[in-house]
Amino acid sequence: MRVVVLGGAENQMGCIDAAHRLGADVTVVDPRPDVPGRWAAEHWIELDAAATPEIVLALGGTSVDAVVSDQSDYTARASAALAVALGLKGQDLDLIDTCTNKYAMRRRLLGPVPDLIPPFRHFDDPDAAVSYALIQTSPQVVKPVQSQGSRGVGLLRPGSERELVERSFSLSDGRGVLVEQAVFGREYSVDGYVSNGTLLPLAISAKSQYLGNECLDERLDFLPSLYADAEGPLVAAVRRIVAALGISFGIIHAELFADGMDVTLVEIALRGGGSAISSVVVPFLTSFDPAEALLRDLLSLSSPPPPRDFRERAAILRFLPALSLPTTVPRRDSTIEGWLTLVITNPLAEGTPTSSDDRAGFVVLGAASEAAAVDAEQAALRSLGYSAGV
């Protein structure tokens, strides 16, 4: 049995591990020679994940049983395209586009779930977008139609409209931008797995943003006390969205605002949450591996055992503070109980980040109780050289 994993960076290691657990040989496709997936797989194809015809040629007629990826919109689209080219089971290309294109997503959901979608307009011209924003009486947000990690997303404050709109357009890859009514309140994420059209919730987080950038997450607290009041409306909203989009199977990651019973969708992705949510946080909370569940669906194998109740444990995803790393070679201290992961993405990062590209990295903490998870977070940050309470 052979599984092709598109992408060999940290976010795809869960897919590689899951394929190996199921007894498959793995072929990783990634143009970068230094990604960890290259050394974890049996075979490596040095191509971009989206180079579908070239990948098919490089496979040279080798029998492939499944194509998989996780935590990346880019590789999610590429996986669907390669599955079609190889005649394998995969996600519908139109559905993938809907879940990676914010304009397509809103258009498709506006009819069946209009109460979950904020007022929005799509623009192909920066001048038109600025003119529209200037005459609105309520706060507006600009965002590229297709982006991940809050790239190009910004709250349009008076005097900043032109700068933020043009930045958003520069990151839109020619697809234009959305200007939509800003939603305030607490933002949450909901992660789950869809099997036979039914949503299985696997994790909920209460999100907090940077003081200098309200459109970028600084931490995600998977702490039941912080999401208990919103859990019912959030899960009900995601079930409605899954049904409206016609998602029959796969990993989902949704971001929403909730205020009492009122819920507003930010976006839903047909992939796992990035920054190790899908590969570390969810398995810790539930003993359920979304990547393995996806592979079992793609390979028509039996379903995995049901997950443990995600409310019985606590986890924290903390992006490192907005200042350069104090230590030269940061390492995870294995003696700190509950410190699950350390990932460094930009060791020279300083100041408030404008997007996920500017963050220094992140830590993931997990424990049996909320208090123990918070203690592990502070111990991990102290170990990295940050001052107490940062």
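Residues numbered from 1 in each chain as written. Predicted model: local features only at pLDDT ≥ 70, side-chain atom pairs only at ≥ 80, totals over all residues. Heavy atoms only, no water.

A. Structural view of the sheet that holds strand S10 (residues 198-210). Strand order in the open sheet formed by 8 strands is S13-S12-S9-S10-S11-S14-S16-S15, and the pairing between neighbours is antiparallel. The outermost strands of the open sheet, each flanked by one partner alone, are strand S13 (262-269) and strand S15 (339-344). Shown here is a sheet whose adjacent strand axes are inclined to one another by a mean of 25°, direction ignored. When S15 meets strand S16 (residues 361-367), the two strands line up antiparallel, connected through 5 bridges. Paired with Ile344 across the strands is Gly361, a residue of S16. Strands strand S9 (186-195), S10 and strand S12 (249-259) of the sheet are contacted by helix H11 (residues 290-298), whose axis makes an angle of about 135° with S12. Of the strands in this sheet, strand S11 (213-222), strand S14 (314-319), S15 and S16 are in contact with helix H12 (residues 370-383), which crosses S14 at around 30°. (Pairing = 2+ DSSP bridges. Helix = DSSP H or I, 4+ residues; strand = E, 2+ residues; numbered from the N terminus. Axes fitted to C-alpha atoms, helices over the stretch in contact; angles between N-to-C directions. Contact = heavy atoms within 4.5 Å.)

B. Broad picture of the packing of helix H7 (residues 126-134) against helix H8 (residues 161-170). In contact at an axis separation of 10 Å, H7 and H8 are set at 140° when each is read in the N-to-C sense. Regarding the angle of H7 to H8, the classification is oblique. Both H7 and H8 take part in a crossing whose hand is right-handed. Only Glu161, Arg162, Val165 and Phe169 of H8 make contact with H7, whose side of the interface consists of Pro126, Asp127, Ala129, Val130, Ala133 and Leu134. Across the contact of H7 with H8, the residue classes break down as 7 nonpolar, no polar and 3 charged. (Parallel < 35°, antiparallel > 145°, perpendicular 65-115°, else oblique. Left-handed = near helix turned anticlockwise from the far one by under 90°. Nonpolar A, V, L, I, M, F, W, Y, C, P; charged D, E, K, R; others polar.)

C. Summary view of unusual backbone geometry. Located in the positive-phi region is Ser287, a residue other than glycine, with phi close to 60°. Locating Ser287 in the fold gives a position in the loop between helix H10 (277-286) and H11. Note on Ser287: relative accessible area 55%, which makes it exposed. In the Ramachandran plot, Ser300 falls in the positive-phi region, its phi being about 55° despite a non-glycine side chain. (Buried < 20%, exposed > 50% of the residue type's maximum accessible area, 1.4 Å probe, protein only.)

D. Representation of the sheet that holds strand S5 (residues 120-123). Reading across from one edge, S5-S8-S6-S7 is the order of the 4 strands in this open sheet, with antiparallel pairing throughout. Across the chains shown, the open sheet's two edge strands, defined by having one partner strand only, are S5 and strand S7 (154-155). Across 5 bridges, the pairing between strand S6 (residues 140-144) and strand S8 (residues 177-181) is antiparallel. Across the sheet, Gln140 pairs through a bridge with Gln181, a residue of S8. In this fold helix H6 (residues 102-110) packs onto S5, S6 and S8, with an angle of close to 140° to the strand it touches most, S5. Against the sheet, H8 touches S5, S6, S7 and S8, its axis set at about 25° to S6.

E. View of the packing of aromatic side chains. Under the criterion given, the structure shown has 5 aromatic pairs. When the centroid spacing of 6.3 Å and the interplanar angle of 75° are considered together, the rings of Tyr103 and Phe120 count as edge-to-face. In this pair, Tyr103 sits in helix H6 while Phe120 sits in strand S5, placing the two residues 17 residues apart along the sequence. The class of Tyr103 is partly exposed, set by a relative accessible area of 24%. Aromatic pair Tyr227 and Phe310: ring centres 6.2 Å apart, planes at 45°, arrangement tilted. Within this pair, whereas Tyr227 is found in helix H9 (residues 224-245), its partner Phe310 is found in the loop between H11 and S14, the two being separated by 83 residues in sequence. Taken individually, Tyr227 and Phe310 each receive the classification buried, so the pair is uniform in this respect. The ring of Phe310 has Arg311 lying over it, and the distance from NZ or CZ to the ring centre is 4.5 Å. (Phe/Tyr/Trp six-rings, centres within 6.5 Å; stacked < 30°, edge-to-face > 60°. Lys NZ or Arg CZ within 6 Å of the ring centre and 35° of its normal.)

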